[in-house]
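Fold and contact review
Read off the chains here:
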Amino acid sequence: MTPQGPQAPLEFGGPLGAAALMVLLPATMFHLLLAARSGPARLLGPPPSLPALAELWSPRALLLLLAWLGLQAALYLLPARKMAKGLELKDKSRLLYPINGFQALVVTALLVSVGVSAGLPLGALTDMLLPLAFAATLTAFIFSLLLYVKALVAPASVLAPGGNTGNLIYDIFLGRELNPRICSFDFKYFCELRPGLMAWVLINLALLLREAELRGSPSLAMWLVNGFQLLYVGDALWYEEAVLTTMDITHDGFGFMLAFGDLAWVPFTYSLQAQFLLYHPQSLELPMALLICLINAVGYYIFRRANSQKNTFRKNPSDPSVAGVSHLLPYFYILYFTALLVHREARDEQQCLRKYGRAWHEYCQRVPYRIVPYIY
């Protein structure tokens, strides 16, 4: 197999690193799942016991996963509130993407609510995490191989910068085609935010319900984990259009790296906090919970503002809200006083050295920073 187009520098340690990651990433995920439910819950060190194959493979889990993907694919195809254009491609074209992820989240939430109200034993999902993770991993491997085969007949103009080296393992891992599609259905865009993120909050909810079954009611810590992580997922889907400017969409091909990350790694490792709380209950007092909420609110504000600015700049670097400094005149005051204070401090240093001599040297050893700690 010969590479198509100019070859980008190899990433992730080249073919050998890619092969290692295709083994290590699933192994790490299963280690975390086993550790969370074990007594010691050790991050480092082997789990107390390894699961038998019968504990991993379940046709029911595979059917459940495929049904979930089918549901999300159907919601993807529903009429969207907006069709957004992606960034310009190599051939100067711009693909269209449906912006209906939050709509899919709301419909999914309604369906789950109806199901639970009708007696759906959602808490039982917690007993299927291992076979579901195994099914998701198997699906990611098969999906990656199919995407690679599809890319073999794709024109060079649609290939990703890094996934067309001609090395089978590396190209399957990184992904040959940038935006693999069948008609208007974009596989990478679909997987990026929808099935994995929504499965994450669904697993969290199942763990909350199972904790209520076991202990009478969910713990405050479990409520907070569910609430904070639902906020993150809801934010990602509400601002779904912003994903069109990210590296995943604009640069990386769609191969095992993203397929496994989206379909397996996200739902089964991002839900680790809720898994841990189910098997290892933690008491949390109200004052500490309020402090945690405050810290989360501040962090969310910074997160949202930073991501909004980044997305605005990527779409239009000349946008006035992110253009940066256009005139120095309004900043004269801070520039002047910075220079003045640094110069004043240098003069004070010399005066004190002459006045106090050795005592000043001892003082400077105890107080090594002049104005800003750890900086100057």
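Going along each chain's sequence as written, the residues are numbered from 1 onward. Totals for whole chains, interfaces and linings use all residues, but because this is a predicted model, local features are given only for residues with pLDDT of at least 70 and pairs of side-chain atoms are given and counted only at 80 or more. Only hydrogens and water are removed before side-chain values are computed, so all heavy atoms of the structure are retained for them.

1. Some words on the overall build of the protein
Along the backbone of the protein there are 15 helices and 4 strands. Projected onto its principal axes, the C-alpha positions of the protein cover 85 × 60 × 45 Å. Within the protein, buried positions represent 40% of all 376 residues. Pairs of residues are marked as contacts when any of their non-hydrogen atoms sit within 4.5 Å. Put simply, 76% of the contacts in the protein that link residues at least 6 apart link residues at least 24 apart. Note that accessible areas follow from Shrake-Rupley with a 1.4 Å probe, and for residues the cover is restricted to the protein chains shown. For the protein, the exposed area adds up to about 21300 Å²; of that, 68% sits on carbon and sulfur atoms. Put simply, the protein has 28 plus and 23 minus side-chain charges, and the middle of one group is 6 Å from the middle of the other. Secondary structure elements are defined from DSSP: runs of H or I of at least 4 residues count as helices, runs of E of at least 2 residues count as strands, and each element is numbered from the N terminus. Here's how the labels work: a residue is buried when its accessible area is under 20% of the maximum for its type, exposed when over 50%, partly exposed in between, all with a 1.4 Å probe on protein chains only. We score Asp and Glu as negative and Lys and Arg as positive, and we do not count His or the chain ends. Charge placement uses NZ in Lys and CZ in Arg. For Asp and Glu, CG and CD serve respectively.

2. With respect to the UniProt feature "transmembrane region" (unreviewed entry) in the protein
Taking the UniProt record as the reference, the feature "transmembrane region" (unreviewed entry) is found at residues 12-36, 56-78, 99-122, 128-149, 254-272, 284-303 and 323-342. When the span residues 12-36 is considered, its composition is 92% helix and 0% strand, and the gap between its end C-alpha atoms is 28 Å. The span residues 99-122 shows a helical share of 71% and a strand share of 0%, and its end C-alpha atoms are spaced 29 Å apart. UniProt positions are given in the numbering used here, feature names are shortened, and annotations may be inferred rather than shown by experiment.

3. Examining the nonpolar core
Remark: nonpolar core denotes a set of buried residues (Ala, Val, Leu, Ile, Met, Phe, Trp, Tyr, Cys) joined through side-chain atoms within 4.5 Å. Judged by nonpolar contacts, the single largest core of 75 residues is most densely connected at Met29, Phe143, Phe254 and Phe268. Leaving out residues up to four positions away in the same chain, Met29 has contacts with Ala133, Thr137, Phe260, Ala264, Trp265, Phe268 and Thr269.

4. Here's the deal with the domain arrangement of the protein
Domain boundaries shown here were taken from an automatic or database domain assignment. When the domains of the protein are assigned, the result is domain 1 (14-281), domain 2 (285-326) and domain 3 (328-375). With centres defined by C-alpha atoms, the gap from domain 1 to domain 2 works out at 25 Å. At the junction of the two partners, domain 1 supplies 11 residues and domain 2 supplies 12 residues. Summed over both partners, buried area is the accessible surface (1.4 Å probe) that two parts give up on being assembled. Of the roughly 1100 Å² buried between domain 1 and domain 2 on both sides combined, carbon and sulfur atoms contribute 66%. Of all residues in domain 1, Phe228, Asp235 and Thr245 give up the largest surface area on contact with domain 2, accounting jointly for 42% of the area buried on that side.

5. A few points about helix α11 (residues 256-269)
Here the expected span of a helix is defined as 1.5 Å times the quantity of residues minus one. A rise of 1.5 Å per residue sets the reference length of α11, with its 14 residues, at 20 Å; its end C-alpha atoms lie only 17 Å apart and thus fall more than 12% short of the reference. At Asp262, α11 is deflected by roughly 40°, the largest bend along its length. Extensive coverage of α11 is indicated by the burial of 13 of its 14 residues. Bend at a given residue is defined as the angle between two axes, one fitted to the seven residues that end at that position and one fitted to the seven that begin there.

6. Things to note about the packing of helix α8 (residues 195-215) against helix α12 (residues 272-279)
Between α8 and α12, the least distance of the axes is 9 Å, while the angle of their chain directions is 10°. Considering the angle they form, α8 stands roughly parallel to α12. Residue-level inspection shows Asn204, Leu207, Arg210, Glu211, Leu214 and Arg215 of α8 in contact with α12, the latter providing Ala274, Gln275, Leu277 and Leu278. In the contact of α8 with α12, the residues fall into 5 nonpolar, 2 polar and 3 charged. Helix axes use the C-alpha atoms of the stretch in contact, all axes being lines fitted to C-alpha atoms, and the angles between their N-to-C directions lie in the range 0 to 180 degrees. Orientation categories follow fixed angle ranges, with anything under 35 degrees roughly parallel, anything over 145 roughly antiparallel, 65 to 115 roughly perpendicular, and all other angles oblique. In this classification, the charged set is Asp, Glu, Lys and Arg, the nonpolar set is Ala, Val, Leu, Ile, Met, Phe, Trp, Tyr, Cys and Pro, and all remaining amino acids, among them Gly, are polar.

7. Here's the deal with a nonpolar patch on the surface
Like-charged residues are merged into a patch within 9 Å and nonpolar side chains (Val, Leu, Ile, Met, Phe, Trp, Tyr) within 5 Å, provided each residue has over 30% relative accessible area and no salt bridge. Every case where a carboxyl oxygen of Asp or Glu lies within 4 Å of a side-chain nitrogen of Lys or Arg is listed as a salt bridge. Taken together, the side chains of Phe332, Tyr336, Phe337, Leu341, Val342, Tyr369, Ile371, Val372, Tyr374, Ile375 and Tyr376 make up a nonpolar region of the molecular surface, amounting to roughly 1100 Å² of accessible area. Tracing the backbone shows Val342 in helix α14 (residues 332-356).

8. Comments concerning the confidence of the model for the protein
Across the protein, the average pLDDT comes to 90, with 96% of residues at 70 or higher. The low-confidence segment residues 1-5, where pLDDT is below 50, has 11 contacts with residues more than four positions distant or belonging to other chains. Confidence scores here are pLDDT values: one per residue, from the predictor, ranging 0 to 100.

9. With respect to unusual backbone geometry
For Phe12, which is not a glycine, the phi torsion comes out positive at approximately 60°. Inspection of the secondary structure assignment puts Phe12 in the segment before α1 (14-37). The phi torsion at Lys92 lies on the positive side, around 75°, for a residue other than glycine. In this structure, Lys92 sits in the loop between β1 (83-85) and β2 (96-98).

10. Some remarks on the packing of helix α9 (residues 220-238) against α12
One way to put it is that α9 packs onto α12 with a least axis distance of 10 Å and a crossing angle of 170°. Considering the angle they form, α9 stands roughly antiparallel to α12. Packed against α9, whose contacting residues are Ala221, Met222, Val225 and Gln229, the element α12 presents Gln273, Ala274, Leu277 and Leu278 at the interface. Across the contact of α9 with α12, the residue classes tally to 6 nonpolar, 2 polar and no charged.

11. With respect to the packing of aromatic side chains
Aromatic pairing here means that ring centres of Phe, Tyr or Trp (its six-membered ring) are within 6.5 Å. Orientation follows from the plane angle: under 30 degrees is stacked, over 60 is edge-to-face, and everything else is tilted. Taken as a whole and judged by the stated rule, the model has 20 aromatic pairs. Between Phe143 and Phe254, the ring centres sit 5.6 Å apart and the planes meet at 85°, which makes this aromatic pair edge-to-face. One end of the pair, Phe143, is in helix α5 (residues 129-152); the other, Phe254, is in the loop between α10 (247-250) and α11, with 111 residues separating them in the sequence. In this pair, the class of Phe143 matches that of Phe254, namely buried. A network of ring pairs unites the aromatic residues Tyr76, Tyr97, Phe143, Phe185, Phe187, Tyr189, Phe190 and Phe254 as a single cluster. Only Lys NZ and Arg CZ are tested; either one counts as a charge over a ring when it is within 6 Å of the ring centre and within 35 degrees of the ring normal. Positioned over the ring face of Tyr97 is Arg181, at 4.9 Å from the centre of the ring. The cationic tip of Arg304 hangs over the ring face of Tyr239; the distance from NZ or CZ to the ring centre is 3.9 Å.

12. Section: the environment of Phe30
For Phe30, the location among the structural elements is in helix α1. Discounting chain neighbours no more than four positions away, the residues touching Phe30 are Leu56, Leu130, Ala133, Phe134 and Thr137.

13. Digging into the side chain of Glu349
Checked against the element boundaries, Glu349 lands in helix α14. Buried charge without a salt bridge: Glu349, with Arg370 as the nearest opposite-charge side chain at an N-O distance of 4.1 Å. Setting aside its immediate chain neighbours within four residues, Glu349 contacts Trp360, Cys364 and Arg370.

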